[in-house]
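Summary of structural features
So the chains spell out like this:
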Amino acid sequence: MTIAEDDPRQPYEQAAETLRREISNGVIKPGHRVGSVRDLASRFNISPTTVQKALGVLRDEGLLTTTGRGNYARDPKQVTEADKPGVGLDLSEVLRQLEHVTSQLSELRGRVERLEASRPGRADENQ
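Residues numbered from 1 in each chain as written. Predicted model: local features only at pLDDT ≥ 70, side-chain atom pairs only at ≥ 80, totals over all residues. Heavy atoms only, no water.

A few words now on the overall build of the protein chain. Assigned secondary structure in the protein chain consists of five helices and two strands. For the protein chain, the N- to C-terminal ordering of α and β elements is α-α-α-β-β-α-α. Split into buried and exposed, the 127 residues of the protein chain put 24% on the buried side. Taking the contacts inside the protein chain whose residues are at least 6 apart along the sequence as the reference set, 51% of them involve residues at least 24 apart. Approximately 9,200 Å² of the protein chain is accessible, and the part contributed by carbon and sulfur atoms is 50%. (Helix = DSSP H or I, 4+ residues; strand = E, 2+ residues; numbered from the N terminus. Buried < 20%, exposed > 50% of the residue type's maximum accessible area, 1.4 Å probe, protein only. Contact = heavy atoms within 4.5 Å. Areas by Shrake-Rupley, 256 points an atom, 1.4 Å probe, with all protein chains shown as cover.)

Turning next to helix 2 (residues 37–44). For an α-helix, the turn length of 3.6 residues means that residues three or four places apart are oriented alike. Of the residues making up helix 2, those classed as buried are Val37, Leu40, Ala41 and Phe44. In an axial view of helix 2, the angular spread of the buried residues amounts to 105°, which keeps them on one side of the axis. With respect to the buried face of helix 2, the exposed residues turned more than 90 degrees away are Arg38, Asp39 and Ser42. Considering only its buried residues, helix 2 is in contact with helix 1 (11–24) and helix 3 (48–60). (Arc of directions from axis to C-beta.)

Turning to the nonpolar core, a few remarks are in order. Side chains that are nonpolar tend, in soluble globular proteins, to be buried together. Leu19, Ile23, Val34, Leu40, Phe44, Val51 and Leu55 are the most contacted members of the largest nonpolar core, which has 21 residues in total. Put simply, the parts of the chain that give this core at least two residues each are helix 1, helix 2 and helix 3. Per-element accounting of this core gives the leading share, five residues, to helix 1. Residues contacting Leu55, with those up to four places away along its chain left out, are Leu19, Val34, Val37, Leu40, Leu64 and Asn71. (Core = buried A, V, L, I, M, F, W, Y, C linked by side-chain atoms within 4.5 Å.)

Here strand 1 (residues 64–67) pairs with strand 2 (residues 70–73) via four bridges, running antiparallel. Bridging across to strand 2, Leu64 finds its partner in Ala73. (Pairing = 2+ DSSP bridges.)

Glancing now at the pattern of salt bridges. For the coordinates displayed, the defined rule picks out six salt bridges. Here Arg20 makes a salt bridge to Glu61, at a shortest N to O gap of 2.8 Å. Remark: Glu61 occurs in the loop between helix 3 and strand 1 and Arg20 occurs in helix 1; sequence separation between them is 41 residues. Given a relative accessible area of 26%, Glu61 falls into the partly exposed group. The residue Glu107 makes a salt bridge to Arg111 at a minimum N-O spacing of 2.9 Å. Highlighted residues: Glu107 and Arg111, both in helix 4 (residues 91–118), separated by four residues, approximately one helical turn. For Arg111, a relative accessible area of 46% corresponds to the partly exposed category. Each of Glu17, Arg20, Arg21 and Glu61 takes part in one network of salt bridges that share partners. (Salt bridge = Lys/Arg side-chain N within 4 Å of Asp/Glu carboxyl O.)

Right, let's talk about the packing of helix 1 against helix 2 for a bit. At a minimum axis distance of 11 Å, the contact between helix 1 and helix 2 shows a crossing angle of 110°. As judged from the angle between their axes, helix 1 and helix 2 are roughly perpendicular. Contact with helix 1, carried on its side by Ala15, Thr18, Leu19 and Glu22, involves Leu40, Arg43 and Phe44 of helix 2 and no other residues of that element. In terms of residue class, the contact of helix 1 with helix 2 is made up of four nonpolar, one polar and two charged. (Axes fitted to C-alpha atoms, helices over the stretch in contact; angles between N-to-C directions. Parallel < 35°, antiparallel > 145°, perpendicular 65-115°, else oblique. Nonpolar A, V, L, I, M, F, W, Y, C, P; charged D, E, K, R; others polar.)

Structure, rendered in structure tokens:
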């Protein structure tokens, strides 16, 4: 299957839709590998980068899981909203954590500056 030139969707969207349909119809069974990036690029006649983007869409939808050994289909009937990245994030909690990290970074920066200022021979380096 190749990507249709006259389709208004982006190639990665077309590839994702084909794989989504194959997973939903059981052509690619849950737990089975969807194919290597190289194989999918050849199959769809698109670049590996475009394949990666298509796989990312399916991962975001919870239809794929990725391990060090490849991308595997998940059972679409078992995918819940909680399986989708970013779902259920509490914005106030994210902001609180960001403030905490920012505060830690500022403290660390101050420590580094104090250490550099107290380093022997520091005055000689500035001349």
